[in-house]
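Understanding the architecture of this molecule
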Amino acid sequence: DKKIEKGKLLVDSKKLPKDVVWRTMKKGDMRLICVIMNAETPTLRNNDALSLLNYGFDNYEIIKLKDKDDEIWHDGNGYAHVRAALVGSSVNIALVTSEPVYYLKNKDIKLGEVKYEVKLDRSKIRNLCTLDVGVLNVYIDDKLYTSVSLKISEKTTKSKFNDVIYQIFISLFK
């Protein structure tokens with residue numbers, strides 16, 4: 001089984017019919033994949049593939065809505081009371097996205113209104129789990145587009161002796 005690797009796409013070339021050609025091309029953050037079948041000649045298949053890929057790049061764009069590890073909230077942007085209620089006052093944390101969020105958009109159409117909704121699993125945050133402590137739902141024009149996991153990014157800081165004693169005291173009565 002000879003496998004051809006194009007970008008991150010693996011195709012088993014022995015299992016493809018003889019009249020099928022596939023191509024992939026990447027520009028910036030956008031990768032397009034094209035499959036052409038039943039063209040009369042290999043030259044026509046290649047020309048059709050190139051035309052389709054050029055059409056895609058000319059008419060569509062990738063919009064990055066969130067980067068991986070984008071902070072959703074942290075102490076400095078008004079959520080200190082939430083952090084204190086969940087994990088205590090001496091821990092400095094931030095919620096971050098676990099992966100980037102991309103949106104494929106037609107260049108001629110304006111991007112709709114983007115809204116975000118955070119849903120947290122407070123028990124995981126209390127225990128300072130670093131993976132999957134909640135989800136960030138992304139809405140475009142009030143329709144759910146995608147969801148991405150949230151994780152905790154702990155920022156280490158020096159704790160004062162009184163804060164450490166307070167945390168121990170609080171943990172005894174949870």
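The structure displayed is predicted, hence computed values, not measured ones. All residue numbers refer to position in the chain's written sequence, counted from 1. At least 70 in pLDDT is required for a residue's local features to be given in this predicted model, at least 80 for side-chain atom pairs to be given and counted, and no such filter applies to totals for whole chains, interfaces and linings, which use all residues. Excluded from the side-chain calculation are hydrogens and water; included are all heavy atoms of the structure.

As a further point, take the overall build of the chain. Numbering goes from the N terminus for both helices and strands, where a helix is a DSSP run of H or I of at least four residues and a strand is a run of E of at least two. Looking only at helices and strands, one finds four helices and 11 strands in the chain. Should any heavy atoms of two residues lie within 4.5 Å, those residues are counted as being in contact. For the chain, long-range pairs separated by at least 24 residues make up 56% of all intrachain contacts whose partners lie at least 6 apart in sequence. A total accessible area of about 11,800 Å² is found for the chain, and carbon and sulfur atoms account for 51% of it. Where accessible areas are quoted, they stem from the Shrake-Rupley method and a 1.4 Å probe; at the residue level, only the protein chains shown are allowed to cover.

Here the focus is a nonpolar patch on the surface. Note that patches include only residues with greater than 30% relative accessible area and no salt bridge, and the join distances are 9 Å for like charges and 5 Å for nonpolar side chains (Val, Leu, Ile, Met, Phe, Trp, Tyr). We define a salt bridge as a contact between a side-chain nitrogen of Lys or Arg and a carboxyl oxygen of Asp or Glu at a distance within 4 Å. Taken together, the side chains of Ile165, Ile168, Phe169, Leu172 and Phe173 make up a nonpolar region of the molecular surface, amounting to roughly 560 Å² of accessible area. Within the element layout of this structure, Phe169 appears in helix H4 (residues 161-172). Burial classes: relative accessible area under 20% of the type maximum marks a residue as buried, over 50% as exposed, and values in between as partly exposed (1.4 Å probe, protein chains only). When its relative accessible area of 47% is taken as the criterion, Phe169 is described as partly exposed.

What follows concerns the nonpolar core. Listed in full, the 11 residues of the largest apolar core are Leu65, Ile72, Leu95, Val101, Val133, Leu136, Val138, Ile140, Val148, Leu150 and Ile152. Secondary structure elements with two or more residues in this core: strand E10 (134-140) and strand E11 (143-155). Listed in part, the nine residues of the second largest apolar core include Leu32, Ile36, Ala49 and Leu53. Nonpolar cores were defined as sets of buried Ala, Val, Leu, Ile, Met, Phe, Trp, Tyr and Cys residues, with membership established by side-chain atoms within 4.5 Å.

A word on the pattern of salt bridges. Opposite charge on two side chains makes pairing possible when the charged atoms of those side chains draw close. Using the criterion set out here, one finds four salt bridges in the structure. The closest approach of N and O atoms between Lys105 and Glu61, which form a salt bridge, is 3.1 Å. Of this pair, Lys105 sits in strand E8 (residues 101-106) while Glu61 sits in strand E5 (residues 60-66), and the two are 44 residues apart along the sequence. By relative accessible area, which is 9% here, Lys105 ends up buried. Overall, Glu61 belongs to the partly exposed group, its relative accessible area being 27%.

Stacked, tilted and edge-to-face are the three classes applied to pairs of Phe, Tyr and Trp rings, where Trp contributes its six-membered ring and a pair requires centres within 6.5 Å; stacked means planes under 30 degrees apart, edge-to-face means over 60, and tilted covers the rest. In the structure shown here, the tally under the stated rule is one aromatic pair. Only Lys NZ and Arg CZ are tested; either one counts as a charge over a ring when it is within 6 Å of the ring centre and within 35 degrees of the ring normal. Here Lys66 stacks its cationic end above the ring of Tyr116, 4.6 Å away from the centre of that ring.

Once that is clear, we can look at the environment of Thr24. Along the chain, the position of Thr24 falls in strand E3 (residues 20-27). Overall, the relative accessible area of 17% leaves Thr24 in the buried class. When the C-alpha positions of Thr24 and Leu50 are compared, they lie 9.5 Å apart, and in sequence the two are 26 residues distant. Contacts described as polar in this section are N or O atom pairs within 3.5 Å, which, within protein, must combine one atom able to donate a hydrogen with one able to accept it, while residues neighboring in sequence count only if both atoms come from side chains. Reaching out from Thr24, the side chain makes a polar contact with the side chain of Arg31 at a distance of 3.1 Å.

Even without being glycine, Asp141 reaches a positive phi, approximately 55°. With respect to the helices, strands and loops of the structure, Asp141 is situated in the loop between E10 and E11. You will see that Asp142, though not glycine, has its phi angle at about 65°, which is positive. Structurally, Asp142 is set in the loop between E10 and E11.

Along the chain, Val118 falls in strand E9 (residues 114-120). Through-space distance from the C-alpha of Val118 to that of Val138 is 9.0 Å; in sequence the pair is 20 residues apart. In this structure Val118 touches Ile72, Val135, Leu136 and Leu150, once residues within four positions along its chain are discounted.

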